[in-house]
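Understanding the architecture of this molecule
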Amino acid sequence: MIIAQISDTHLALDTPDAVQRISDFERTIADLNALDPAPDVIVHTGDVVHHGRQDEYAEAVRILSKARAPVYVLAGNKDDRANLRAAFAPFGYLAPDSKFIDYAIEDHPVRLIAVDTLSASSNKGDFCPERVKRLIDMIDAETGKPIAVFTHHPPFEVMVGPERLHFETVEMMDRLRQALQHSGRVITVFSGHVHRAAEGHVGHIRASVVQCIATTLRKGTYPPQMKAHPVYHLHRYDPAWGFITETRIVGMAAAASIDSAARETIGAA
Ligand SMILES: [Fe+2]
C-alpha cells in the first residue's frame, strides 16, 4: 500500500504569491498522477486553503479533482470546517452533520484515521475530551488491522523553529498522545502544519511531519535550485516492515529524490 501525503497548500486567490501557490498545487497533483506504481490514496493533512473561503475551496476542488487516486482532506487551522465540508461533500467521506472533521477509511490493509485538532481560538492545536472519545471509538471500531493516523498539528514537540509545541497546552497534546497509544494498533502518525520536515515519536509510535506544498511558505534551508519545487511524502507500507517514507521533489528527476525517514515494524508498535 502506498499513501501519498501532501499538506499545507494554503491556496489563496489574492495574495502576492497566489499564482505560485496554485501552480505548486497543480504540479504536485500532476507528479502524483505520473507515479508508477500509483499511490493507493492521497491524504492532504490540512491548511488546504489560506482564508477558509468558498471560492478558495472551489479552486482546491478543481485541482484535486484531477488526481487519479482517491483524495482525503483534513482541516488545518487556516481551514473553515463548514466551507471545507460543503466543498468536499460530493466525495462522500465527510459526515454532513458532524461537529468535527474526523473519519476512518476502511478500504485498505491499513486503516486510515483522520483527526480534527482545530482550535476555536488560535492557530495552535486543541484536543478536547470529546475528541478523545471520538478517536478512541474510531480506533476500537475494528481490531484486526494496523492504523495510520493523520493530524494537522503534530503530536510531538518539534525541536527546530520558533515554536516547539504546536498545541495550545501540553495537556491537550498529552490527551492526544494517550489516545493514540491506547490500543497498540496505531503504528504511525502523519502530520503537517509546521511547513518543514520533522520526525518524532508518540511512545513507540513513529510520527512525522511533511513539508508544505506551498513553496513560498516552506521553512528550512534548501538549495536555490529547489525554490520552485514542492515536496511531499510517499509512505509505503509493508506488513513485515511497517511504513517506509520517501521524500518526493516535484519536477526533479526521480534520481534526485531524497531517501529519508523511517521504518517501523508492526511488532514494535
Ligand atoms: Fe497549519
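Residues numbered from 1 in each chain as written. Predicted model: local features only at pLDDT ≥ 70, side-chain atom pairs only at ≥ 80, totals over all residues. Heavy atoms only, no water.

Points about the sheet that holds strand 8 (residues 198–202)
Ordered in space as 4-5-6-7-9-8, the six strands form an open sheet in which the pairing is mixed. What marks the edges here is a single partner per strand, and that holds for strand 4 (103–105) and strand 8. Geometrically, the sheet is characterised by an average inter-axis angle of 20 degrees between neighbouring strands, direction not taken into account. Sheet analysis places strand 6 (residues 147–151) next to strand 7 (residues 186–191), joined by five bridges and oriented parallel. The partner of Val-149 across the bridge, within strand 7, is Val-189. Together, strand 4, strand 5 (111–114), strand 6 and strand 7 form the strand contacts of helix 4 (residues 129–140), whose direction differs from that of strand 5 by roughly 170 degrees. Taken strand by strand, helix 5 (residues 170–181) contacts strand 6, strand 7, strand 8 and strand 9 (205–209), and its axis lies near 70 degrees from that of strand 8. (Pairing = 2+ DSSP bridges. Helix = DSSP H or I, 4+ residues; strand = E, 2+ residues; numbered from the N terminus. Axes fitted to C-alpha atoms, helices over the stretch in contact; angles between N-to-C directions. Contact = heavy atoms within 4.5 Å.)

Brief notes about helix 4
The end-to-end C-alpha distance of helix 4 is 16 Å, a good match for the 16 Å that 12 residues give at a rise of 1.5 Å each. Contact partners of the buried residues in helix 4: helix 3 (81–88), strand 4, strand 5, strand 6, helix 5 and strand 7. (Expected span 1.5 Å × (residues − 1).)

What about the nonpolar core?
Counting residues in hydrophobic clusters, the biggest one holds 50 residues, and the most contacted among them are Ile-6, Leu-84, Phe-88 and Tyr-103. Ranked by residue count, the leading element in this core is helix 2 (residues 54–64), at five residues. Apart from the residues lying within four places of it in its own chain, the contact partners of Tyr-103 are Tyr-72, Val-73, Leu-74, Tyr-93, Leu-94, Leu-112, Ile-113, Ala-114 and Met-138. (Core = buried A, V, L, I, M, F, W, Y, C linked by side-chain atoms within 4.5 Å. Buried < 20%, exposed > 50% of the residue type's maximum accessible area, 1.4 Å probe, protein only.)

Overview of the coordination of the iron ion
Coordination of the iron ion by the protein comes from Asp-47 (OD), Asn-77 (OD1), His-152 (NE2) and His-193 (ND1), over a distance range of 2.1 to 2.3 Å. For the iron ion, the four donor atoms in the first shell make angles of 85 to 169 degrees at the metal, so the coordination geometry reads as irregular. Here the donor residues of the iron ion are spaced in sequence according to D-x29-N-x74-H-x40-H. Residue Asp-47 is located in the loop between strand 2 (41–44) and helix 2, and its partner His-152 is located in the loop between strand 6 and helix 5; the two are separated by 105 residues in the primary sequence. For Asp-47, a relative accessible area of 1% corresponds to the buried category. The exposure class of His-152 is buried, given its relative accessible area of 0%. (Donors = N, O, S within 2.8 Å, 3.2 Å for Na, K, Ca; no water. Tetrahedral: all angles 85-135°; square planar, octahedral: opposite > 155°, others 65-115°.)

Examining the side chain of Asn-77
Within the secondary structure layout, Asn-77 lies in the loop between strand 3 (71–73) and helix 3. At 3.0 Å, the side chain of Asn-77 and the side chain of Asn-123 are in polar contact. Only 2.9 Å separates the side chain of Asn-77 from the side chain of His-152, close enough to count as a polar contact. Among all residues touching Asn-77, those that are not within four sequence positions of it are Asp-47, Leu-118, Asn-123, His-152, His-153 and His-193. (Polar contact = N/O pair within 3.5 Å; in protein donor to acceptor, adjacent residues only side chain to side chain.)

Things to note about the environment of Asp-14
Tracing the chain through its elements places Asp-14 in the loop between strand 1 (2–6) and helix 1 (18–33). Overall, the relative accessible area of 48% leaves Asp-14 in the partly exposed class. For the pair Asp-14 and Pro-129, spaced 115 residues apart in sequence, the C-alpha to C-alpha distance is 38 Å. With sequence-adjacent residues up to four places away left out, Asp-14 is seen in contact with His-51 and Arg-53. Within the structure, the side chain of Asp-14 is placed 3.0 Å from the side chain of Arg-53, a separation counted as a polar contact.

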